[in-house]
Amino acid sequence: MAQVKPKFYLTTPIYYTNGLPHIGHTYSTIVCDTIRRYKRMRGYEVVMTTGTDEHGVNVERSAKKACVPESEFVAKMAAEWRALWDELGVQGDEFIRTTDLKHAHTVQWLFKQCRDNGFVYPGHYTGQYCIYDNAYVDVKPGENCPDCGRPTETVTEANFYFKLSAFQKPLLDWYAKHPDFIQPEARRNEVLSFVEGGLRDLSITRTSIRWGIPVPGEEPHVFYVWFDALTAYLSAVGGPQYEKTGFWPADLHLVGKEIIRFHAVYWPAFLMAAGLPLPKQIWAHGWLLMDSAKMSKSLGNVVRPRPIVNVLGMDALRYYLLRETVFGQDGSFSYDALVQRYNSDLANGLGNLASRTLTMIEKYCASAIPNPSDSAAVSEDDEALDRGIRTWAEILTRDESPQGVAHRYGQFDFSRALEAIWSFISAVDVYLTSTQPWVLAEDPTKKERVARVLYTAAESLRFVAVLAHPVLPDSTVKLWKQLGQTNPIGDQRIEVLAWGQLRPGTKIAKAESLFPRIEKQEAIERMEAMESEPQKPAVAPAASGNAATGPSGAAAQTAPEKIAIEDFAKVEMRVGQIKTAERIIGADKLLKLTVDIGSEVRQICAGIAQYYEPDALVGRKVVVVVNLAPRKLRGVESNGMIVAASVGPEGRPVLAAFTEDVEVGARLK
Ligand code: MSP
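This section reports on the structure supplied with the text.

Scoring rules and cut-offs
- Residues numbered from 1 in each chain as written.
- Predicted model: local features only at pLDDT ≥ 70, side-chain atom pairs only at ≥ 80, totals over all residues.
- Heavy atoms only, no water.
- Helix = DSSP H or I, 4+ residues; strand = E, 2+ residues; numbered from the N terminus.
- Rg over C-alpha atoms; globule rule 2.2 N^0.38 Å.
- Buried < 20%, exposed > 50% of the residue type's maximum accessible area, 1.4 Å probe, protein only.
- Contact = heavy atoms within 4.5 Å.
- Areas by Shrake-Rupley, 256 points an atom, 1.4 Å probe, with all protein chains shown as cover.
- Lys, Arg positive; Asp, Glu negative; His and termini not counted.
- Charge placed at Lys NZ, Arg CZ, Asp CG, Glu CD.
- Near = heavy atom within 4 Å.
- Polar contact = N/O pair within 3.5 Å; in protein donor to acceptor, adjacent residues only side chain to side chain.
- Nonpolar A, V, L, I, M, F, W, Y, C, P; charged D, E, K, R; others polar.
- Phe/Tyr/Trp six-rings, centres within 6.5 Å; stacked < 30°, edge-to-face > 60°.
- Pairing = 2+ DSSP bridges.
- Core = buried A, V, L, I, M, F, W, Y, C linked by side-chain atoms within 4.5 Å.
- Axes fitted to C-alpha atoms, helices over the stretch in contact; angles between N-to-C directions.
- Parallel < 35°, antiparallel > 145°, perpendicular 65-115°, else oblique.
- Expected span 1.5 Å × (residues − 1).
- Salt bridge = Lys/Arg side-chain N within 4 Å of Asp/Glu carboxyl O.

Take the overall build of the chain next. For the chain, the count of helices and strands is 23 helices and 26 strands. Relative to a compact globule of 669 residues, whose C-alpha radius of gyration would be 26 Å, the chain shows 29 Å and is just as compact. In the chain, which comprises 669 residues, the proportion classed as buried is 53%. Considering only residue pairs separated by 6 or more positions, the chain has 74% of its internal contacts joining residues 24 or more positions apart. About 29400 Å² of surface is accessible on the chain, with carbon and sulfur atoms providing 52% of the total. Placing the 75 positive and 80 negative side-chain charges of the chain at their respective mean positions leaves the two points 2 Å apart.

Take a look at the structure:
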C-alpha cells in the first residue's frame with residue numbers, strides 16, 4: 001500500500017498589483033519556494049500558495065490613471081507576477097487572485113461566521129488611513145503614516161467593525177501556549193508588546209471605495225483589503241470546504257517583517273472568531289536594502305529580477321539572495337556582491353568542480369562512472385582521504401548534525417546551509433588537488449586509484465546536486481543529467497541519501513559549463529542597462545521553470561517579434577559629432593563622450609573603450625539614439641546611445657558611420 005505522506009501547507013504573501021515585482025518581493029517568494037522544494041525532498045505532500053492582492057483604493061486609482069477598467073488592469077498585472085515566478089523556477093501550486101470568485105465566496109463566508117458568532121457590529125469611522133499600507137493609523141489629520149512615512153488621508157465612513165478587543169486574552173494565551181507561533185524571537189516580542197498594550201476594534205468594511213469584494217446584503221460596503229487578502233490563504237485550499245483538502249491549518253505563513261501584525265494579530269483573531277483552526281507558524285523575514293533603505297517602489301531604489309536572470313541566470317539570483325542574507329535579518333543588495341558571488345561560488349566553485357570531474361571521467365573512464373571497488377590496493381593515507389570525504393558527505397544529510405545541510409534547512413537557516421555545501425565543495429576540490437588523478441592517469445598501474453578518486457568526486461557531486469536542489473533548481477537538474485541520472489532530482493529524499501548509490505558504469509553526459517565565468521564589469525553594465533529600460537507590459541506566462549539562461553543565452557531565447565512602422569518611428573536617431581572622449585575610472589569598457597546632436601551637446605557613455613582610443617574619436621560622426629530615457633552607467637549619467645554593430649563571438653562594437661559627409665543633427669529614417 002502506498003504510504004500516506006504528511007501534508008505541509010505554506011504561503012507567500014499575496015502581492016499588490018499596483019506595481020511590478022522587484023527583488024524584495026522576489027526574496028519572499030524564493031524563500032518559500034526553497035522551503036517547498038526542501039519539504040518535498042523530505043517526503044511531504046506540499047502545497048504552496050502565492051498570488052495577487054488586487055483590491056483597494058490604490059488599484060482603483062492606478063487603473064483610473066491608466067484609463068482601463070480595474071479588472072483589466074489587475075489581470076495584466078497578475079499575469080506579469082505569475083510569469084516572473086515561472087521564470088524564477090517558482091513552483092507555486094496555487095496562484096490565488098483576490099478577484100477569483102472562489103476567493104470572494106470564502107471572504108463572504110468568513111465574515112458571516114464572524115458575524116454569526118457575535119464579533120461584528122455596525123459603526124462609523126473617522127480617522128486617518130494610509131492607502132499605501134492599507135491600514136487605519138492612529139495619527140492626526142495632516143500627519144504621515146507612522147509605518148511607512150507617507151501621507152495619510154482622512155476617512156469618514158460607515159463600516160462594520162470586528163471586535164478585535166475581545167481577542168486580547170485569547171491571543172496572548174495562544175502565543176504563550178505556542179511559543180514558536182511567531183518567528184523570529186524579535187518579531188514575537190514586538191507582537192506581544194503590541195497586543196499587551198491593548199487592542200482596538202477594527203473596521204473591516206469600507207463604503208468610500210468601490211473596488212473590493214461586496215459585503216452581501218450590505219452594499220455599498222466592500223471588505224477592507226486585509227480582511228480580504230488574508231483570507232486568500234484559506235480560499236486557496238478549499239475555503240469553506242477546507243476540511244476536504246486537508247491542507248488547513250497552514251503550517252507556515254512566510255511574510256516580510258512589516259506585515260507581521262496583520263498576520264500574527266488580525267488573522268488569528270479572525271480565525272478564532274469564525275471558530276477555525278489557526279496556522280501553525282508565522283515567520284517574518286527581514287528586508288532587502290538598497291543604499292541602506294528598504295527597497296521599495298516609492299523610494300525609487302528598486303532592482304528588478306529580470307535583468308539579473310537574463311545575465312546570470314535564475315539560480316544565481318536565488319543563490320545570492322539566500323546566501324548573503326541571514327534569514328530573519330535585513331540584507332543589502334549590490335550588483336558587485338552578486339557578480340562576485342556568482343564568479344567565486346558558482347562559476348569557480350560548483351561549476352568548476354563539476355566540469356573538472358566530468359571531463360576527467362570522460363577522458364580517463366570512457367565517459368562512464370568508474371567502479372571504486374576495483375581499487376584493491378590503496379594506501380592508508382589514500383583510504384583516510386577517501387573516508388574523510390565520504391563521512392563529510394553523510395554528515396550533511398543528517399538532521400541531528402548541527403553542521404549538516406538538512407539540519408540548517410530545517411531551521412530555515414539557508415545561508416549556513418549553503419555555507420556547509422560550499423565548504424564541502426572546497427573539500428572535494430582539495431581532495432582532487434591532493435590526489436591528482438590527472439597525474440595518476442599517466443601511470444597504467446594506478447588505474448584503480450584513478451577510478452576510486454573519480455568515483456569519490458562524482459558521488460560527492462551527486463550529494464551536492466541533491467542538497468543544493470532546493471536553492472538551485474535549474475543548474476542541479478543539469479548537473480544531475482550530466483551525472484547520467486534519470487529519476488527526477490526533485491523526487492530524491494535527502495534523508496536517505498547514502499554514499500555509494502551512484503552506480504558504476506552509468507554513462508555520463510558531456511560536461512557543459514553550469515555557470516560560465518563572466519567579467520564583473522561587463523555583467524554589471526548589462527544588468528544596469530536592462531534595469532533602466534522601461535518595464536515591459538504584462539507578458540504571456542513563460543514556460544515553467546526554464547526561462548532563465550546563462551550569461552550568453554538570454555537574447556537567443558526570445559523569438560524576435562515584428563514591430564509596426566509606428567514602433568520604429570518612436571526611436572529617434574540623429575547624426576552626432578563627438579566633441580570630447582575620455583575613459584571612466586573603474587569602468588574598463590566605458591568611454592564618456594560629449595556629442596553634438598545639432599540641437600544640443602549631450603553626455604553619452606558608450607561601451608567601446610576596449611576598441612576605440614578616445615583621442616581618435618574626437619570629430620567623428622556617429623549615429624545617436626537621442627530619445628532614450630537618461631540612465632546612469634557606473635554612476636555616470638548617459639543621455640542617449642551611440643549605435644554600433646556587434647561583431648564576432650565576443651560582440652566587438654563597430655561604430656555605425658557614413659560614407660558621405662552628413663550634417664550634424666540630421667534624422668535617420
Ligand atoms: N498585499 C500585501 C500582503 C498581503 S498577504 C495576505 C503586501 N504586499 S506587498 O506586495 O507590498 O509585499 C509583499 C511581500 O514582499 C511582503 O512580504 C514584503 O515584506 C515583501 N517585500 C517588499 N519589499 C521588500 C524588500 N525590500 N525586502 C524584502 N521583502 C520585501 O504587503
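Now for the site of the ligand. Of all residues adjacent to the ligand, which total 24 residues, the nearest are Ile14, Asp53, Gly256, Leu288 and Met295. Contact between the ligand and Tyr16: an oxygen atom at 3.2 Å from a main-chain N or O atom of the residue. Between the ligand and Ser28 there is a distance of 3.3 Å, counted from an oxygen atom to a side-chain nitrogen or oxygen. In isolation the ligand exposes 670 Å². Once the protein is present, 95% of that is buried. At the level of secondary structure, the elements contributing two or more residues to the shell around the ligand comprise β2 (15–16), α1 (23–40), α7 (225–230) and β12 (252–256). Class assignment for the residues of the shell around the ligand results in 13 nonpolar, 8 polar and 3 charged.

According to the stated counting rule, one finds 35 aromatic pairs in the structure shown. Measuring from centroid to centroid gives 4.9 Å for Tyr15 and Trp81, while their planes differ by 15 degrees, and the two rings are stacked. Of the two residues, Tyr15 is situated in strand β2 and Trp81 in helix α3 (residues 70–87); the sequence distance between them amounts to 66 residues. Summarising the burial analysis for this pair, Tyr15 and Trp81 share the class buried.

Another aspect to go through is the sheet that holds strand β15 (residues 293–294). Strand order in the open sheet made by the 3 strands is β15-β14-β16, with mixed pairing throughout. Both edges of this open sheet fall to β15 and β16 (331–332), since each of them pairs with a single strand only.

Nonpolar side chains tend toward joint burial in soluble globular proteins. Counting residues in hydrophobic clusters, the biggest one holds 104 residues, and the most contacted among them are Ile308, Leu312, Phe333 and Ile421. Among the elements that make up this core, the one with the highest residue count is helix α18 (residues 447–468) (13 residues). Ranked by size, the runner-up nonpolar core spans 69 residues in total, among them Leu110, Tyr125, Ala229 and Tyr266.

Glu219 connects to Pro220 through a cis peptide bond whose omega is 10 degrees. The residue Pro220 is located in the loop between β10 (205–206) and β11 (222–223) in this model. In this structure, Pro249 follows Trp248 across a cis peptide bond, with omega equal to 10 degrees. Here Pro249 lies in the loop between α9 (242–245) and β12.

Among the 9 residues of strand β3 (residues 45–53), 8 are classified as buried, and the element is accordingly described as predominantly covered. Sheet topology note: the strand β1 (residues 7–11)/β3 ladder contains 5 bridges and is parallel. Looking at the pairing, Tyr9 lines up with Val47 of β3. Pairing of β3 with strand β4 (residues 94–97) involves 4 bridges; the strand directions are parallel. The residue bridging Gly51 from the neighbouring strand is Ile96, located in β4.

Below, the discussion takes up the environment of Lys507. With respect to the helices, strands and loops of the structure, Lys507 is situated in the loop between α19 (473–482) and α20 (520–531). Sequence spacing of Lys507 and Met641 is 134 residues, and the spatial spacing of their C-alpha atoms is 50 Å. If we skip the residues at most four places from it in the chain, Lys507 touches Ala366, Ser367, Ala368 and Gly484. Within the structure, Lys507 has its side chain in polar contact with the backbone oxygen of Ala366 (distance 3.0 Å).

In this structure, Asn134 sits in the loop between β5 (120–130) and β6 (135–137). Residue class for Asn134 comes out buried when judged on its relative accessible area of 3%. Within the structure, the side chain of Asn134 is placed 3.1 Å from the side chain of Tyr16, a separation counted as a polar contact.

Attention now moves to the sheet that holds strand β7 (residues 153–162). Here 4 strands make up an open sheet; going across it, the order is β6-β5-β7-β9 and the pairing antiparallel. Across the chains shown, the open sheet's two edge strands, defined by having one partner strand only, are β6 and β9 (202–203).

This brings us to the packing of helix α2 (residues 57–65) against α3. Look at α2 against α3: their axes get within 9 Å of each other, and the N-to-C directions meet at 100 degrees. If you check the angle between α2 and α3, you find them roughly perpendicular. The residues of α3 that touch α2, namely those facing Val59, Glu60, Ser62 and Ala63, are Glu70, Phe73 and Val74. In terms of residue class, the contact of α2 with α3 is built from 4 nonpolar, 1 polar and 2 charged.

As a packed pair, helix α12 (residues 314–324) and helix α16 (residues 414–435) sit with axes 6 Å apart at the nearest point and diverge in direction by 110 degrees. What the angle tells us is that α12 and α16 run roughly perpendicular. Only Phe414, Ser415, Leu418, Glu419 and Trp422 of α16 make contact with α12, whose side of the interface consists of Tyr319, Leu322 and Arg323. Split into classes, the residues belonging to the contact of α12 with α16 amount to 5 nonpolar, 1 polar and 2 charged.

Okay, α16 next. Between its terminal C-alpha atoms α16 stretches 32 Å, which fits the 32 Å expected from 22 residues at 1.5 Å a residue. Looking one or two residues past α16, Gln436 carries a phi angle of roughly 50 degrees, positive in sign.

For α18, spanning 22 residues, the distance from its first C-alpha to its last is 31 Å, which sits close to the expected 32 Å at 1.5 Å a residue. Most of α18 is tucked away: 20 of the 22 residues are buried.

To continue, consider the pattern of salt bridges. Evaluated as defined, the whole model comprises 41 salt bridges. For Glu70, the salt bridge identified is with Arg210, shortest N-O distance 2.8 Å. Remark: Arg210 occurs in the loop between β10 and β11 and Glu70 occurs in helix α3; sequence separation between them is 140 residues. Arg210 gets classed as exposed once you look at its relative accessible area, which sits at 57%.

With respect to the secondary-structure elements, Ala569 resides in helix α22 (residues 565–569). Expressed as a C-alpha distance, the spacing of Ala569 and Gly123, which sit 446 residues apart in the sequence, is 57 Å.

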